[in-house]
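For reference, the chains in residue letters:
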Amino acid sequence: MLATIINGHEVSEKILAKIRNETIEIEKKYNKVPGLVTILAGNNPASVSYVNLKIKTANSLGFKEVQVNLKEDVSQQELLSVIEKYNNDDSIHGILIQLPLPKHINEKKIIYAINPDKDVDCFHPLNIGKILLGEDDAKFFPCTPAGIIELIKAAGIKINGADTVIIGRSNIVGKPLVNMLIKKSENATVTILHTGSKDMEYYCKKADIIIVAAGSPGVLKTEWIKKGACIIDVGVNRVGEKISKKTGNPIAILKGDVDFEEVSKVAGYITPVPGGVGPMTIAMLMKNTLYSLKYKLGLL
Ligand code: GUN
């Protein structure tokens, strides 16, 4: 039997519908809508496509959306002044700076400059620190990790006590996710594997849940997967181009880190790429932006 596909579009649509309704209610009562600024420096095709999706989704929810497109050679100072501007703009509740930034920019300095109350990516050390400490007063949850947990739960998979392997230790996925999964409320047993890990097979073979966020196709071998395990693929690899039937324009062909066809024959559950974790990351960003406004209005 083939694995059940966990459909990220379906799960995220339900979350977005709730956000849309709450946005309407808040606008009626308070005459305010969530405001999101998306800041993009340069024109890396993957970043352009992610940011466009975020803009489209924010607009579809009735948010105020401000788009800032900066040149690849934007100075650090100019980027900092854009952040300062939106830190002080009361109609903006979320500031998103698409990563990676051009090489000459100090990413850390930029992230530290975001007002933590508007840090809807949950990248600022104050916010990510609260995730590490498992604080109940965390305002935001990192989008991709939060989306992954929602997806696993939506598929009805038990996290409590589950042997869980995360492949990849990035600041955006692996590091926050381990902290979120080991919280008492989730209670997973988590192993992080990375390029320095010696015996990946040993850990993967025991795992009930494997989350692959390595940015490298093929890191997880099909023969390492326990029958019925849940496989979450966070990888997005651009492997070519095709012509869109809708627009006639070239679009990227995307593949995950996992061999979907082969792994589906062994796993119990699997997320596709595209259409798995990606839409959930965007839904969580929208949720954080709505929550940011709700905090400001004293509703949370
Ligand atoms: N680049 C890759 N993933 C992300 C993300 O979740 N947020 C931002 N801002 N940049 C990214």
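For the structure, check the block above.
Residues numbered from 1 in each chain as written. Predicted model: local features only at pLDDT ≥ 70, side-chain atom pairs only at ≥ 80, totals over all residues. Heavy atoms only, no water.

### Things to note about the pairing of strand β2 (residues 35-41)
Link 1 in the chain: For β2, the tally of buried residues reaches seven of seven residues, placing the bulk of the element in the interior.
Link 2 in the chain: Burial of the side chains of β2 extends over both faces: Gly35, Val37, Ile39 and Ala41 are buried on one face and Leu36, Thr38 and Leu40 on the other.
Link 3 in the chain: Note that β2 and strand β3 (residues 64-70) share seven bridges and pair parallel. Looking across to β3, one finds that Ile39 is bridged to Val68.
Link 4 in the chain: Note on the crossover from β2 through helix α2 (residues 45-60) to β3: the handedness is right-handed.
Link 5 in the chain: Sheet topology places β2 next to strand β4 (residues 94-97); four bridges connect them, and they run parallel. (Buried < 20%, exposed > 50% of the residue type's maximum accessible area, 1.4 Å probe, protein only. Helix = DSSP H or I, 4+ residues; strand = E, 2+ residues; numbered from the N terminus. Pairing = 2+ DSSP bridges. Right-handed = clockwise from strand over helix to strand, strands pointing away.)

### Some thoughts on the packing of aromatic side chains
How two aromatic rings sit relative to each other is set out by the distance from centre to centre and by the angle between their planes.
Link 1 in the chain: Applying the stated criterion to the full structure yields two aromatic pairs.
Link 2 in the chain: An angle of 90° between the planes, with centres 6.4 Å apart, marks the rings of Phe140 and Tyr295 as edge-to-face. Residue Phe140 is located in the loop between α5 (125-133) and α6 (143-154), and its partner Tyr295 is located in helix α10 (residues 277-296); the two are separated by 155 residues in the primary sequence.
Link 3 in the chain: Under the relative-accessibility criterion, Phe140 is labelled buried at 0%.
Link 4 in the chain: Between the aromatic rings of Tyr202 and Tyr203, the centroid separation amounts to 5.0 Å while the plane-to-plane angle is 85°, which identifies the pairing as edge-to-face. (Phe/Tyr/Trp six-rings, centres within 6.5 Å; stacked < 30°, edge-to-face > 60°.)

### Remarks on the sheet that holds β3
Link 1 in the chain: Pairing within the open sheet is parallel, and its three strands lie in the order β3-β2-β4. Looking at strand neighbours, the two that pair on one side only are β3 and β4, the edges of this open sheet. Across the sheet, the mean angle from the axis of one strand to that of its neighbour is 15°, orientation sign disregarded.
Link 2 in the chain: Together, β2 and β4 form the strand contacts of α10, whose direction differs from that of β2 by roughly 130°. (Axes fitted to C-alpha atoms, helices over the stretch in contact; angles between N-to-C directions. Contact = heavy atoms within 4.5 Å.)

Don't take any of this as a statement about function, it's just geometry.
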